[in-house]
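Secondary and tertiary structure notes
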Amino acid sequence: MAERFELKIISPDEVFYEGEGTFLEFVSVEGEMGVYQNHIPLTTILEPCVMKIHNESEVKKAAILGGFVEIQKDKITVLAEDAQWPEEIDVERAKKAEERAKERLAKKDGIDILRAEVALKKAIARQNAVK
Amino acid sequence: MASMREIKRRRSSVQSTQQITKAMKLISTVKLQKARTRAENSKAYFECMYATVTSMLAKAGNIEHPYLQKSDSKKVGIVVVTSNRGLAGGYNSNIVKLITGSGIEKENIRLYTVGHKGAEALERKGYEIVEDFSDVIEEPSYSDAQAISKRLLTDFAAGEIGEIYVAYTFFKNTVSHIPTLTKLLPVDTAAIAEEEKEGESSVDKLTLMNFEPEEEVAVGLLVPKYMTSILYGAFVEAVASENGARMQAMDSATNNAEEIIEDLALKYNRARQGAITQELTEIIAGAEAL
């Protein structure tokens, strides 16, 4: 049995999740990461991604749309700018958002390439969470 | 003495005003409860954000980053959070007073207003309003706060403003709301370090925090998030304060109306009694004359 850590996911509107886990997967700006208990203390910035919360054999998925993670020895705090469970995601809307973002990126005339990229990442993360 | 009819009319007019203020009080009580729950829910996020940013800055105290240094521009950007509706007692004028009495010269202030009332009052006084985001305060969302902080950071990066403040009403409790002026940028590292010494934050002091990417890069990514969370917190608090202030104002208005109604009722009865007495005297005098 793997050691457990405390996990808290906080979004601006609520405490999104509070519980325990044995392994946590997410994508930081530096790349994909997995964290077990007893990780070195680390603060890292998140990309919009699907966060997988493993608790023994049980896996929960949530779409985390940007934010950062603070990892301490046996406690992980995720500050998410927006977080959603797969049940809450509107897939149609996410697909449309993806198309819109892709169009904007393809044209490249917009001033806001960066924003379109973020929107695209968010749309993809949402859809992946549902899968 | 005013005639009976006049008094009666006045009384019914005060009564209908009282009904309105009573209804408004009830509405703002409900709204206040809602806004308060929201403010409490977002507190966890804000506190955690604050703890992380302070611990990061305490550790990375000496790094050089535009967000941490005062820029050359003398202009000061202030986000002014007021309400779109009036009848909230001193709520809006307190914020306006906070700006006019802040000691910052009028010429150097550039305003980003949230809430029509404050925007109108400050415009009349001759302050420069760069942009108005008044619709936001109706139902503040985190993405609204993000949009505003993005706009602020663009102006900050362009050197148009050298400092950023936010003026809002802090919701201490139902009866006490404190107008507050808080500095957003540049981040006041000295003050944070001081606070860090005084109160133990949630982060264990003994653990040495690592950052990925490195502190310099992390500052650039985290500070906008930190700013957004303060802005969002300010909006949520302001909405709670607005409804609290309106509730109080409407409560005292209802009480005052009650007082006036009582007074008028007394006057009305007196006038009626006077009329009856007069009539009686006339009848008796008439009978005697026969």
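In the block above lies the structure referred to throughout.
Cut-offs and rules
- Residues numbered from 1 in each chain as written.
- Chains lettered and ligands numbered in written order.
- Predicted model: local features only at pLDDT ≥ 70, side-chain atom pairs only at ≥ 80, totals over all residues.
- Heavy atoms only, no water.
- Helix = DSSP H or I, 4+ residues; strand = E, 2+ residues; numbered from the N terminus.
- Rg over C-alpha atoms; globule rule 2.2 N^0.38 Å.
- Pairing = 2+ DSSP bridges.
- Axes fitted to C-alpha atoms, helices over the stretch in contact; angles between N-to-C directions.
- Contact = heavy atoms within 4.5 Å.
- Phe/Tyr/Trp six-rings, centres within 6.5 Å; stacked < 30°, edge-to-face > 60°.
- Lys NZ or Arg CZ within 6 Å of the ring centre and 35° of its normal.
- Buried area = accessible area lost by both parts, 1.4 Å probe.
- Salt bridge = Lys/Arg side-chain N within 4 Å of Asp/Glu carboxyl O.
- Polar contact = N/O pair within 3.5 Å; in protein donor to acceptor, adjacent residues only side chain to side chain.
- Patch = residues over 30% accessible without salt bridge, like charges linked within 9 Å, V, L, I, M, F, W, Y side chains within 5 Å.
- Areas by Shrake-Rupley, 256 points an atom, 1.4 Å probe, with all protein chains shown as cover.
- Lys, Arg positive; Asp, Glu negative; His and termini not counted.
- Charge placed at Lys NZ, Arg CZ, Asp CG, Glu CD.
- Buried < 20%, exposed > 50% of the residue type's maximum accessible area, 1.4 Å probe, protein only.
- Core = buried A, V, L, I, M, F, W, Y, C linked by side-chain atoms within 4.5 Å.
- Parallel < 35°, antiparallel > 145°, perpendicular 65-115°, else oblique.
- Left-handed = near helix turned anticlockwise from the far one by under 90°.

Looking now at the overall build of chain A. A tally of regular secondary structure across chain A gives 2 helices and 8 strands. Each helix and strand of chain A, placed in order from N terminus to C terminus, yields the pattern β-β-β-β-β-β-β-β-α-α. Expected size for 131 residues packed as a compact globule is a radius of gyration near 14 Å; at 16 Å, chain A falls within 12% of this value. Expressed as lengths along the three principal axes of its C-alpha atoms, the size of chain A is roughly 50 × 30 × 25 Å.

With that out of the way, let us pick up the sheet that holds strand S3 (residues 128–132) of chain B. Residue and element names in this part refer to chain B. Taken in spatial order, the 5 strands of this open sheet run S3-S2-S1-S4-S5, and their pairing is mixed. Of all strands in the sheet, those bounded by a partner on one side alone are S3 and strand S5 (177–185). Averaged over all neighbouring strand pairs, the angle between strand axes comes to 25°, with direction disregarded. Relative to S5, strand S4 (residues 163–171) runs antiparallel, the two sharing 8 bridges. Each residue of the ladder has a partner; that of Ala167, found in S5, is Leu181. Its contacts with the sheet place helix H4 (residues 142–157) against strand S1 (76–81), strand S2 (109–114), S3, S4 and S5, and it is angled at close to 170° to S2. Helix H6 (residues 215–289) contacts S1, S2, S4 and S5 of the sheet and is inclined by roughly 35° relative to S4.

Moving on, we get to the packing of aromatic side chains. This model, assessed by the stated rule, comprises 5 aromatic pairs over all chains. In textbook terms, an aromatic cluster arises when at least three aromatic residues are bridged by ring pairs, as seen for A:Phe16, A:Tyr17 and A:Trp85. Directly above the aromatic system of B:Tyr127 lies the positively charged group of B:Lys106, at a separation of 5.5 Å from the ring centroid.

At the interface, 25 residues of chain B touch 27 residues of chain A. Both sides of the chain B and chain A interface together cover about 2,200 Å² of buried area, and 62% of this is carbon and sulfur. The tally of links from chain B across to chain A stands at 1 salt bridge. For A:Glu81, the salt bridge goes to B:Lys225, with nearest N and O atoms at 2.9 Å. Put simply, chain B and chain A have 3 residue pairs in polar contact (both at pLDDT 80 or more) between them. Broken down by secondary-structure element, the contributors of at least two residues to the side of chain B that touches chain A are helix H1 (4–59), H4, strand S6 (210–212) and H6 of chain B. With 8 residues, H1(B) is the single largest residue contributor to the side of chain B that touches chain A.

Time to look at the environment of B:Glu138. Residue and element names in this part refer to chain B. Considering the arrangement of structural elements, one finds Glu138 in the loop between S3 and H4. Sequence separation of Glu138 and Ser83 is 55 residues, and the distance between their C-alpha atoms is 8.3 Å. Apart from the residues within four sequence positions on either side, Glu138 is in contact with Asn84 and Arg85.

All names here are of chain A. Together, Arg93, Lys96, Arg100, Arg104 and Lys107 make up a positively charged patch on the protein surface. When you line up the elements, Arg100 lands in helix H1 (residues 91–107). When its relative accessible area of 48% is taken as the criterion, Arg100 is described as partly exposed.

Below, the discussion takes up the nonpolar core. By size, the foremost hydrophobic cluster in this structure holds 57 residues, and its most contacted members are B:Leu152, B:Val166, B:Leu185, B:Leu231 and B:Phe235. For this core, the secondary-structure elements that each account for two or more residues are H1, S1, S2, H4, S4, S5 and H6 of chain B. Once residues within four sequence positions are removed from consideration, B:Leu231 is found in contact with B:Val79, B:Ala145, B:Ile148, B:Ser149, B:Leu152, B:Val166 and B:Leu184. Formed by 23 residues, the second largest nonpolar core is a distinct cluster that contains A:Phe5, A:Ile9, A:Cys49 and A:Met51.

The next point concerns the pattern of salt bridges. Tallied over the full model, the rule gives 14 salt bridges over all chains. The closest approach of N and O atoms between A:Arg4 and A:Glu20, which form a salt bridge, is 3.1 Å. With A:Arg4 in the segment before strand S1 (5–11) and A:Glu20 in strand S2 (residues 14–21), this residue pair connects regions lying 16 residues apart in the sequence. Taking the relative accessible area as the measure of exposure, A:Glu20 reaches 39% and is therefore partly exposed. Between B:Asp263 and B:Lys267 there is a salt bridge whose closest N-O contact spans 3.7 Å.

For the rest of this paragraph, the subject is the environment of B:Thr174. Residues and elements named next belong to chain B. Structurally, the position occupied by Thr174 is in the loop between S4 and S5. Each C-alpha atom of the pair Thr174 and Val130 lies 33 Å from the other, and the pair is 44 residues apart in sequence. Setting aside residues up to four positions removed in sequence, Thr174 forms contacts with Leu32, Arg36, Gly244, Met247 and Gln248. Side-chain polar atoms of Thr174 contact the side chain of Arg36, separated by 3.3 Å.

To continue, consider the packing of H4(B) against H6(B). Residues and elements named next belong to chain B. Packing of H4 against H6 leaves a shortest axis separation of 8 Å and a crossing angle of 125°. With respect to H6, the axis of H4 lies oblique. Here the hand of the crossing between H4 and H6 comes out right-handed. Along the contact surface, H4 presents Tyr142, Ala145, Gln146, Ile148, Ser149, Leu152 and Leu153, while H6 presents Pro224, Lys225, Met227, Thr228, Ser229, Leu231, Tyr232 and Phe235.

Our focus in this paragraph is unusual backbone geometry. Peptide bonds are trans in most cases, and residues, glycine excluded, mostly fall at negative phi. Despite not being glycine, A:Glu56 has its phi angle at roughly 55°, a positive value. The topology assignment puts A:Glu56 in the loop between strand S5 (42–55) and strand S6 (58–72). Within the chain, B:Leu87 stands out as a residue other than glycine whose phi angle is a positive 55°. The residue B:Leu87 is located in the loop between S1 and helix H2 (91–100) in this model. Since its relative accessible area comes to 58%, B:Leu87 is described here as exposed.

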